[in-house]
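Structural description and commentary
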Amino acid sequence: MDKRPFTELGLSPEILKAVERMGFEEATPIQTLAIPVAMSGKDLVGQSATGSGKTAAFAIPAIEKADAHKRTVQCLFLCPTRELAVQVAEEVGKLALFKRGIHAAPIYGGQSYERQFKALRAGVQIVIGTPGRIMDHLDRGTLKLDDVKFVVLDETDRMLDMGFHDDIVTILKQVPTERQMLFFSATLPRVIQEMIKTFAREPEFLKIEQKEQNAPQVDQSYYEVDRRSKLEVLTRVIDLHDFKYGIIFCSTKLMVDELADHLLTRGYSADRLHGDMSQMAREKTLQKFRAKKIEFLVATDVAGRGLDVVDIEVVFNYDLPNDAEDYVHRIGRTARAGKSGRAITFVSGRDIYRLQNIVRFTKVRIRRERVPSLDQVEEKRESDFFEELRGVLDAGEFKKHDSTIDRLLEQGYASTDIASALIHLQLGGEERDRAAGPDPAEVDARRGERNERERPPFEPRRDGPPRESFERGDRFERGPRQFDERGQRDNSRGPSETRGRAERSRETGMKRVYLNIGHLSMITPANVVGVIANMANVPGSVIGAIDIFPKHTFVDVREEHAEDIVAKLQGIKMKGRYVDAAIVPEDA
Ligand code: ADP
Ligand code: MG
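Here we take up the overall build of the chain. Of the regular secondary structure elements, the chain holds 22 helices and 20 strands. Residues classed as buried in the chain amount to 51% of the 588 residues present. In the chain, of all internal contacts separated by at least 6 residues, the share reaching a separation of at least 24 is 77%.

Structure representation (structure tokens):
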């Protein structure tokens, strides 16, 4: 399937700037085909799967053709539902951002006529509406179609299923005959063919055939997640499975940057890969990733396409890909060379239909999983810790601390309490995020109950109880993540190592910053560098010595940046804890 850069489609600088800003890296196949045809003024009929980017395929030519100097309705988009009308209007708004004087308004049932009337009177060139409400406005005389030159019927088959046939015909009859007609429809039953014959002039039929794809044998599952909870769920799933080497795909460059930053601030070792980076920068990142100096690579499809990295543990589809082909490309990154791997996909809202489409063309089974609760994540940490502790005990590889223990016993503490207190210190008193709204695991559980009977067909019934177990292969070493300043894995952790460095005197021109979080929260120098570099947007050279203690950390930073860094760190979350930061006075 052909995809081309937007720059090759003959578009204005304003539109190119907008798609760049939206983070689109290249046109999807239907956009590649439809945009030039629509720009040339021809009528067209477009058929392609859900999620393939049809909205921009018709919205871009419409915006390009609208005359900003005229305050009349020139483009009319008909959509089956008000949700779709609103969605399309939002996309039009983003695409038209740099086109001065071009305005769009959604017109749908349920919203007051008064408000819509106002929008129409203010002068919009593009109206996006449901047929019923458009009819009402025509009847009331609050909408005039005399100047319309560009009409789109989006999801035509669905509009007809919903009984809008007569409304559509009535509306189209009020549009001047000198106009361009675009039909988009998943199917072309007889009624639609009739409609096309009546209202379109020698239309071009554009169809994006989806080839069946051979998906690799990878364990594939999906989570239903609200858009806002994706980050939280991602980190939970990573923690629960203790993933240490994976790729996370996002649909736009923007999302890639945002997610990479979020992961860094949450203490994961992550880097980004997208089309805006120079070839050299990309190569450098890839090298680091291949050498496993980065745990997670956040990437777009374009950047991920040529990526040849074997041995990846997991591929996350943080955003759904635009077609089945991209899905197969993405998940093909895991389970190379006969190894087993996992592909985990997040779907929110209408994504579920797009996933259905992917399943149809890949013929794979994608299992639904329930969003893990914080308790499950904690349980997992505890059981890992149990294993680790038992390993240390069995191997006898620990220094005796008899005198300390004797002193505590003498003071009347029970040995079991002493041990519990140590475990508590080690695992940290986990502060939970109370401000973040409903817990995504609870939301998912409720959704699960509600939807159980209407699960999409690709969710096999015999799937058994959700998430009854969390075992995974022991392919990767256990233990907390430890990285040094360069993000390298560092197995020689422990307070003893850094304690000596704490004595080191401060370099001139540096200030020492205190953070209320340390080893016990599993923070590492790489985390500290990542968080500071990202939050305060400063280069690594601003950061000097880092001394991590069990419950706090000192980090030296260049004097001139110290206050800004403290301000930026104050109150953010690291490893699930709210950060308290302060500059340590010189004489301390
Ligand atoms: P359809 O109407 O074909 O079902 P949409 O137009 O709703 O698909 O697009 C699906 C998603 O893909 C939207 O989130 C949209 O912003 C995004 N999208 C559209 N075009 C591109 C592109 N060229 N690159 C990346 N994402 C895109
Ligand atoms: Mg659509």
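Right, let's talk about the nonpolar core for a bit. Counting residues in hydrophobic clusters, the biggest one holds 40 residues, and the most contacted among them are Ile60, Phe77 and Ile128. Sorting the residues of this core by element identifies α1 (13–22), α2 (29–39), α3 (54–65), β2 (75–78), α4 (82–95), β4 (126–129), β5 (150–153) and β6 (180–184) as the ones contributing at least two each. When residues of this core are assigned to their parent elements, the largest contribution, 7 residues, is made by α3. With residues near it in sequence (within four places) discarded, Phe77 still touches Phe58, Ala59, Ala62, Val88, Val92, Ile126, Val127, Ile128, Gly129, Phe150 and Val152. Core analysis: the second largest hydrophobic core is formed by 33 residues, Leu78, Met135, Ile168 and Ile171 among them.

Positionally, Ile35 belongs in helix α2. Along the sequence, Ile35 and Gly10 sit 25 residues apart, while their C-alpha atoms lie 8.9 Å from each other. For Ile35, the contacting residues outside a window of four places in its chain are Phe6, Leu9, Leu11, Ile30, Ala56, Ala57, Ile60 and Pro61.

Neighbouring ligand 1 are 17 residues, the closest being Glu26, Gln31, Gly51, Lys54 and Thr55. Side-chain polar atom of Lys54 to an oxygen atom of ligand 1: 3.0 Å apart, as the coordinates give it. Compared with its free state, where it exposes 570 Å², ligand 1 has 82% of that area covered by protein. Class assignment of the residues belonging to the shell around ligand 1 gives a composition of 4 nonpolar, 9 polar and 4 charged.

Right, let's get into the sheet that holds strand β11 (residues 296–299). Across the sheet, which stays open at both edges, the 7 strands sit in the order β10-β11-β9-β12-β13-β8-β14 with parallel pairing between neighbours. With one partner strand each, in any of the chains shown, β10 (270–273) and β14 (367–369) form the two edges of the open sheet. Adjacent strand axes in the sheet meet at a mean angle of 25° when their direction is disregarded. Of the pairings in the sheet, the one linking β10 to β11 comprises 4 bridges and is parallel in character. For Ala270, the partnering residue across the bridge sits in β11 and is Phe296. The sheet strands contacting helix α14 (residues 324–331) are β8 (219–224), β9 (246–249), β12 (314–317) and β13 (342–347), and the helix crosses β12 at an angle near 150°. Docked against the sheet, helix α15 (residues 351–362) engages β8 and β13, running at close to 145° with respect to β13.

In the structure shown here, the tally under the stated rule is 10 aromatic pairs. An angle of 90° between the planes, with centres 6.0 Å apart, marks the rings of Tyr223 and Phe346 as edge-to-face. Of this pair, Tyr223 sits in strand β8 while Phe346 sits in strand β13, and the two are 123 residues apart along the sequence. On the basis of an interplanar angle of 85° and a centroid distance of 6.0 Å, the ring pair of Phe243 and Phe316 is categorised as edge-to-face. Here Phe243 is found in the loop between α10 (230–241) and β9, whereas its partner Phe316 is found in strand β12, with 73 residues between them in sequence. The same class applies to Phe243 and to Phe316, which are both buried. One aromatic cluster is present, formed by Tyr223, Phe243, Phe316, Tyr318 and Phe346 through successive ring pairs. Seen from the ring of Tyr245, Lys292 lies directly overhead, with NZ or CZ sitting 4.8 Å from the centre. Over the aromatic face of Phe554 sits the side chain of Arg512, whose NZ or CZ is 5.9 Å from the ring centroid.

Taken together, 4 strands build an open sheet; the order of strands is β16-β17-β15-β20 and the sheet is antiparallel. In this open sheet, the two edge strands, each paired with only one partner strand, are β16 (543–548) and β20 (581–583). Ignoring strand direction, the axes of neighbouring strands in this sheet form an average angle of 20°. Two strands pair when backbone bridges link them, and strand β15 (residues 510–515) and strand β17 (residues 553–558) are joined in this way by 6 bridges, in the antiparallel orientation. Residue pairing for β17: Lys511 is matched across the bridge by Val557. Together, β15, β16 and β17 form the strand contacts of helix α21 (residues 525–535), whose direction differs from that of β16 by roughly 135°.

On average, residues of the chain score 83 in pLDDT, and 86% of them are at 70 or above. Long-range and interchain partners of residues 452–457, a stretch whose pLDDT sits below 50, account for 12 contacts in this model, where long-range means more than four residues apart. Scored below 50 in pLDDT, residues 459–504 shows 90 contacts in the model against residues more than four places distant or in partner chains.

With that settled, consider the pairing of β9. Because side chains alternate across β9, one face comprises the buried residues Gly246 and Ile248, and the other comprises Ile247 and Phe249, equally buried. Judged from the 4 bridges that link them, β9 and β12 form a sheet pairing that is parallel. Counterpart to Ile248 in the pairing with β12 is Phe316. The pairing of β9 with β11 spans 4 bridges and is classified as parallel. Looking at the pairing, Phe249 lines up with Ala299 of β11.

Moving on to unusual backbone geometry. Phi angles above zero are rare outside glycine, and Lys292 is one such case at about 60°. Here Lys292 lies in the loop between α12 (279–290) and β11. The phi torsion at Lys363 lies on the positive side, around 55°, for a residue other than glycine. Checked against the element boundaries, Lys363 lands in the loop between α15 and β14. A relative accessible area of 58% places Lys363 in the exposed class.

Attention now goes to helix α9 (residues 190–199). Residues Ile192, Met195, Ile196 and Phe199 constitute the buried set of α9. Angularly, the buried residues of α9 cover 100° about the axis, an arc narrow enough to put them on a single face. Every exposed residue of α9 that faces more than 90 degrees away from the buried side is listed here: Arg190, Lys197 and Thr198.

Turning our eyes to something else, we now look at the pattern of salt bridges. Counted under the stated rule, the structure contains 34 salt bridges. Close ionic contact of Asp147 with Lys70 constitutes a salt bridge, the shortest N to O distance being 3.8 Å. Note that Asp147 is positioned in the loop between α6 (131–140) and β5 and Lys70 in the loop between α3 and β2, a separation of 77 residues in sequence. Residue classification places Lys70 among the partly exposed residues on the basis of a relative accessible area of 32%. Overlapping salt bridges, with partners in common, bring together Asp219, Arg342, Arg367 and Glu369 in one network.

Cut-offs used in this document
- Residue numbers restart at each chain and count upward from 1, following the sequence in its written direction.
- Lettering of chains starts at A and numbering of ligands starts at 1, both following the order in which they are written.
- pLDDT decides what is reported in this predicted model: residues at 70 or higher carry local features, side-chain atom pairs at 80 or more are listed and counted, and totals for whole chains, interfaces and linings draw on all residues regardless.
- No hydrogens and no water enter the side-chain calculation; it runs on all heavy atoms of the structure.
- Under the scheme used here, helices are H or I runs from DSSP no shorter than 4 residues and strands are E runs no shorter than 2 residues, and both carry numbers assigned from the N terminus.
- Buried, partly exposed and exposed residues are distinguished by accessible area as a fraction of the type maximum, computed with a 1.4 Å probe on protein chains only: under 20%, between the cut-offs, and over 50%, respectively.
- Whether two residues touch is decided by their heavy atoms; if any such pair falls within 4.5 Å, the residues are in contact.
- Only buried residues count toward a nonpolar core. Its members are Ala, Val, Leu, Ile, Met, Phe, Trp, Tyr and Cys residues joined through side-chain atoms within 4.5 Å.
- Being near a molecule or strand, for a residue, means having at least one of its heavy atoms within 4 Å of it.
- Polar contacts, as used here, are pairs of N or O atoms within 3.5 Å; protein pairs need one atom able to donate a hydrogen and one able to accept it. Residues neighboring in sequence count only if both atoms are side-chain atoms.
- Using a 1.4 Å probe, the Shrake-Rupley method yields the accessible areas, and only the shown protein chains count as cover for residues.
- The nonpolar class holds Ala, Val, Leu, Ile, Met, Phe, Trp, Tyr, Cys and Pro. Asp, Glu, Lys and Arg form the charged class, and all remaining residues, Gly among them, are polar.
- For two strands to count as paired, DSSP must find a minimum of two bridges between them.
- Inter-axis angles, ranging from 0 to 180 degrees, are taken between N-to-C directions of lines fitted to C-alpha atoms, where helices are fitted over the stretch in contact.
- Here a Phe, Tyr or Trp ring, Trp counted by its six-membered ring, pairs with any other such ring whose centre lies within 6.5 Å, and the pair is stacked when the planes are under 30 degrees apart, edge-to-face when over 60, and tilted otherwise.
- Each ring is checked for a lysine NZ or an arginine CZ that lies within 6 Å of its centre and within 35 degrees of its normal; such an atom marks a charge sitting over the ring.
- Scored from 0 to 100, pLDDT records how confident the predictor is in each individual residue.
- Here the arc refers to the directions that run from the helix axis out to each C-beta atom.
- A pair is scored as a salt bridge if a Lys or Arg side-chain nitrogen falls within 4 Å of a carboxyl oxygen belonging to Asp or Glu.

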